[in-house]
Amino acid sequence: PALRGRHEQARFSFEEARANMPGNPWFEDPRPGECNILAVIDIARDELLWASAGHPPPTLVRPDGSFVTLDDPAPPIGFPMDDDYRVHVEAFAPGALLVLTTDGIIEARGTEGMFGEERLVETIVRLSTMTASAIAQGVYHAARQFAGGALHDDAALAVVRRSPQPANRPSR
């Protein structure tokens, strides 16, 4: 399936990413069942453009502390679809925070079951005023602690915090 977006900027960003990463399996030869996500931050427009193929939903924490889980029901790559993958657009103002994880974090198993998306989001929101590095370490530590010290699947995190608005940049 193709990637379809309501913004030409989104389509351009995807095509630009594809051109700049030749040989990347996400673009060239994806394995059936593979989960992927593509996120592009457009600082000129204060936007986050993203598309997901079955990937665990990222968490976006806005500068005011409110949050949203970026969920898309699109299936992993290689599964039958009635439509193209969609590009979603969210506000990504200065001070916003984006956290992406692999399923190894949300599927960390402990005596109470899985760490899960709800516990993940609670942890991210609780840590959201810390540095990106501290948030990544805190989420990883929380999942390991929940699982009794060891994770039994891959665990990767990406944490992006948009710098607060510089003094010389005019407000919108």
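Residues numbered from 1 in each chain as written. Predicted model: local features only at pLDDT ≥ 70, side-chain atom pairs only at ≥ 80, totals over all residues. Heavy atoms only, no water.

**Re the overall build of the protein**
Part 1: Summing up its helical and strand segments, the protein has 4 helices and 10 strands in all.
Part 2: Secondary structure elements of the protein, listed N to C terminal, follow the sequence β-α-β-β-β-β-β-β-α-β-β-α-α-β.
Part 3: Put simply, the protein has 172 residues, and 38% of those count as buried.
Part 4: In the protein, the share of contacts with a sequence separation of at least 24, taken over all contacts with a separation of at least 6, comes to 62%.
Part 5: Only carbon and sulfur atoms are counted for the fraction: they give 52% of the accessible area of the protein, which is about 9700 Å². (Helix = DSSP H or I, 4+ residues; strand = E, 2+ residues; numbered from the N terminus. Buried < 20%, exposed > 50% of the residue type's maximum accessible area, 1.4 Å probe, protein only. Contact = heavy atoms within 4.5 Å. Areas by Shrake-Rupley, 256 points an atom, 1.4 Å probe, with all protein chains shown as cover.)

**Quick notes on the pattern of salt bridges**
Part 1: With the rule as written, the count across this model stands at 5 salt bridges.
Part 2: Across the pair R45 and D42 runs a salt bridge whose closest N-O atoms are separated by 3.6 Å.
Part 3: Overall, R45 belongs to the partly exposed group, its relative accessible area being 44%.
Part 4: The residue R86 makes a salt bridge to D72 at a minimum N-O spacing of 2.9 Å. In this pair, R86 sits in strand β6 (residues 85-91) while D72 sits in the loop between β5 (67-69) and β6, placing the two residues 14 residues apart along the sequence. (Salt bridge = Lys/Arg side-chain N within 4 Å of Asp/Glu carboxyl O.)

**Topic: the nonpolar core**
Part 1: The biggest cluster of nonpolar side chains holds 19 residues, and the ones touching the most others in it are L97, I105, F115, L120, I124, I135 and V139.
Part 2: Broken down by element, the residue count for this core peaks at 6 residues, all from helix α4 (residues 132-146).
Part 3: Beyond its immediate stretch of four places on either side in the chain, L120 contacts T101, I105, I106, F115 and V139.
Part 4: Formed by 8 residues, the second largest nonpolar core is a distinct cluster that contains W50, L60, A96 and L98. (Core = buried A, V, L, I, M, F, W, Y, C linked by side-chain atoms within 4.5 Å.)

**Some details on the packing of aromatic side chains**
Any two aromatic rings considered together are summarised by their centre-to-centre distance and by the angle between their planes.
Part 1: Going through the model one piece at a time under the given rule, you end up with 1 aromatic pair.
Part 2: Aromatic side chains F115 and F146 sit 5.7 Å apart centroid to centroid with 65 degrees between the ring planes, which places their arrangement in the edge-to-face category. Here the residue F115 occupies a position in the loop between β9 (113-114) and α3 (116-127), and F146 occupies one in helix α4, the gap between them amounting to 31 residues.
Part 3: Overall, F115 belongs to the buried group, its relative accessible area being 3%. (Phe/Tyr/Trp six-rings, centres within 6.5 Å; stacked < 30°, edge-to-face > 60°.)

**Points about unusual backbone geometry**
Part 1: Despite not being glycine, D46 shows a phi value in the positive range, around 55 degrees.
Part 2: Its location among the elements puts D46 in the loop between β2 (36-42) and β3 (47-53).
Part 3: For D46, a relative accessible area of 15% translates into the label buried.

**A look at the packing of α3 against α4**
Part 1: Direction vectors running N to C along α3 and α4 enclose 140 degrees, while the axes themselves pass 10 Å from each other. Viewed along their axes, α3 and α4 adopt a mutual orientation that is oblique. α3 and α4 meet at a crossing whose hand is right-handed. Contact residues: α3 offers R119, L120, T123, I124 and L127, while α4 offers I135, G138, V139, A142 and F146.
Part 2: Per-class residue counts for the contact of α3 with α4 are 7 nonpolar, 2 polar and 1 charged. (Axes fitted to C-alpha atoms, helices over the stretch in contact; angles between N-to-C directions. Parallel < 35°, antiparallel > 145°, perpendicular 65-115°, else oblique. Left-handed = near helix turned anticlockwise from the far one by under 90°. Nonpolar A, V, L, I, M, F, W, Y, C, P; charged D, E, K, R; others polar.)

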